Amino acid sequence: MAPSTMKAVNYVGPHKVRVQEVEMPKLEHPDDIIVKVTTAAICGSDLHMYEGRTAAEPGITFGHENMGIVEELGEGVTLLKKGDRVVMPFNVADGRCRNCDEGKTAFCTGVNPGFAGGAYGYVAMGPYRGGQAQYIRVPYADFNALLLPPGTEHEADFVLLAGWHGVEISGFKSGESIAVFGAGPVGLMAAYSAQLRGASRVFVVDRVPERLAVAKKIGCTPIDFTKGDAVDQIIRLNGGEVDRSVDAAWEFLDSMCQVICPQHQLVRIANLRQGLSLATGQCNVKAYNRYLRDLIIAGKAKPSFVVSHEIRLDHAEVAYEKFDKREDGYTKVLIHPNGGFESTTVSQKFISLNSLQVLSFLLNFSGTATLEPNVYFNTNIR
Ligand SMILES: [Zn+2]
């Protein structure tokens, strides 16, 4: 007999989340599944709600980058079975409306009445609870849940498929050069995506040394805009303007216009809310997560390099606080709501290594980061 309640990370007011006991999700439609969440990421756009800058009501469960194990299936689900490991795009889509037909699942008209587009655990994005919880209901599961290989390998890589923003560089052709403005997780992911897709040169603009160091580590040319005009630096190093430009920080529009060749594309990566009003730049995760999954399985992509911390659910309150203040190198946090990652698998070693490297950059550069072994790293996850 399944338990009737579970733990979830709930918004309770500005700058406050609490791990609360809530009702277990139930199948509400034959096409639904219930997923036991193994990993859910905290995203920068969760902070918009966390900080009280949205209309989010207390009680909303956060978490739109989710993966886990299929626990229960509605009778209409045909492609999945109990025990399957799956990852969901942050968009909820029905797979049958006109926009979905055209691959624009971020603007599905069938999942959020009155709006185009739905998501898990996000204000105004429909009635879908987030995955920073032990279980999550996934609607239209055959369409929304992407099957992964069994086991725990690549766990931290796969969860990032849920929100992979890199392919916003639509129309990108291999051999082109790109400038990415902003080297937070989204910007770094865009830069990495450009690398995977064969960019000739990728420039990453930021001011934070450890972010620029990570950019360099994945083969990009770091541009520190505190050491001279970013556009001048890029044009000098590239021998001219770049072909494409990505704004992952929302503060570089002028520079982007200056650095790019005429007639070429300029992209802004929007988060959930901004994507709605801008009607561009939100990613249609469904359109490419299958291919990125296969790159990860083949060992050609390891997006988990952006992960700074892996925690258990009980540490979510602290993690939100630190992530919000950008303390102790909290840049990309993964929650394991059901534990189960205490054993050191190959992928976990890899993740720990990455986390440690990121942290060591921080230690080197700021000298202030302190290690809290009870919170950090998977060795302590139940
Ligand atoms: Zn649709």
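Residues numbered from 1 in each chain as written. Predicted model: local features only at pLDDT ≥ 70, side-chain atom pairs only at ≥ 80, totals over all residues.

Chemist: Could you clarify how one ought to interpret the overall build of the protein chain in this entry?
Modeler: In terms of helices and strands, the protein chain carries 12 helices and 16 strands. A total of 382 residues make up the protein chain; the buried ones form 52% of that total. Long-range pairs, those at least 24 residues apart, make up 69% of the contacts in the protein chain between residues at least 6 apart in sequence. (Helix = DSSP H or I, 4+ residues; strand = E, 2+ residues; numbered from the N terminus. Buried ≥ 20, exposed ≤ 12 C-beta atoms within 10 Å, placed from the backbone. Contact = placed C-beta atoms within 7 Å.)

Chemist: For this particular structure, what's the right way to read unusual backbone geometry?
Modeler: Glycine aside, negative phi is the norm for most residues, and most peptide bonds take the trans geometry. With a phi angle near 55°, Arg-326 is a residue other than glycine that sits in the positive phi range. Secondary-structure assignment places Arg-326 in the loop between helix 11 (316-325) and strand 16 (333-336). In this structure, Asp-328 takes a positive phi of about 50° despite not being glycine.

Chemist: Mind showing me how you'd approach the nonpolar core here?
Modeler: Side chains that are nonpolar tend, in soluble globular proteins, to be buried together. Of all hydrophobic cores here, the largest spans 99 residues; its most connected members are Val-87, Val-180, Ala-191, Phe-203 and Val-204. When residues of this core are assigned to domains, at least three map to each of domain 1 (5-161 + 285-336) and domain 2 (164-280). Ignoring anything within four residues of it in the chain, the contact list for Val-87 reads Met-67, Leu-146, Leu-148, Phe-158, Val-159, Leu-161 and Ala-162. (Core = buried A, V, L, I, M, F, W, Y, C linked by C-beta atoms within 7 Å. Domains from an automatic or database assignment.)

Chemist: Before we go on, may I ask you to explain the pairing of strand 13 (residues 242-247) in this structure?
Modeler: Residues in a regular strand project their side chains so that they alternate between the two faces of the sheet. Judged by how many residues are buried, strand 13 sits mostly within the fold: six of six residues are covered. Bridge count for strand 10 (residues 177-181) against strand 13 is four bridges, and the pairing is parallel. Bridge assignment links Ala-179 to a residue of strand 13, and that residue is Ser-245. (Pairing = 2+ DSSP bridges.)

Chemist: In this structure, what is going on with the environment of Lys-82? I would like to understand it.
Modeler: With respect to the helices, strands and loops of the structure, Lys-82 is situated in the loop between strand 4 (65-73) and strand 5 (85-88). On the basis of neighbour count, Lys-82 is assigned to the exposed category, with 11 C-beta atoms found within 10 Å. Expressed as a C-alpha distance, the spacing of Lys-82 and Ile-69, which sit 13 residues apart in the sequence, is 7.7 Å. Residue contacts for Lys-82: discarding those within four places in its chain leaves Val-70, Glu-71 and Leu-73.

Chemist: Help me understand helix 10 (residues 289-297) in this model?
Modeler: Since there are 3.6 residues in each turn of an α-helix, residues three or four apart along the chain are aligned in direction. Restricting attention to buried positions, one finds in helix 10 the residues Asn-289, Leu-292, Arg-293 and Ile-296. Along helix 10, the residues classed as buried sweep out an arc of 105° about the axis, all on the same side. Of the exposed residues in helix 10, those oriented more than 90 degrees away from the buried face are Arg-290 and Asp-294. Summarising the contacts, the buried residues of helix 10 are in contact with strand 9 (146-148) and helix 4 (155-159). Of the residues trailing helix 10, Gly-299 is marked for its positive phi of about 80°. (Arc of directions from axis to C-beta.)

Chemist: Can you help me understand the confidence of the model for the protein chain in this one?
Modeler: Atom-level detail of predicted coordinates should not be read off regions where pLDDT is low. Looking at the protein chain as a whole, its pLDDT mean stands at 80, while 77% of the residues score no less than 70. Averaged pLDDT values for the elements of the protein chain fall to 30 in helix 9 (residues 272-278) and rise to 98 in strand 8 (residues 135-138). Predicted confidence for residues 261-281 stays below pLDDT 50, and this span has 43 contacts to residues more than four positions away or in other chains. When the criterion is pLDDT under 50, residues 343-382 qualifies, and its contacts beyond four places in sequence or with other chains add up to 63 contacts. (pLDDT = per-residue confidence, 0-100.)

Chemist: Before we go on, may I ask you to explain the pairing of strand 4 in this structure?
Modeler: Where strand 3 (residues 33-42) and strand 4 come together, eight bridges link them in antiparallel fashion. Pairing of Ala-41 across the sheet is with Glu-65, part of strand 4.

Chemist: Looking at this structure, I do not really get the environment of Thr-221. What am I missing?
Modeler: Here Thr-221 is to be found in strand 12 (residues 221-224). Not counting residues up to four positions away in its chain, the partners in contact with Thr-221 are Arg-201, Val-202, Phe-203 and Leu-237.

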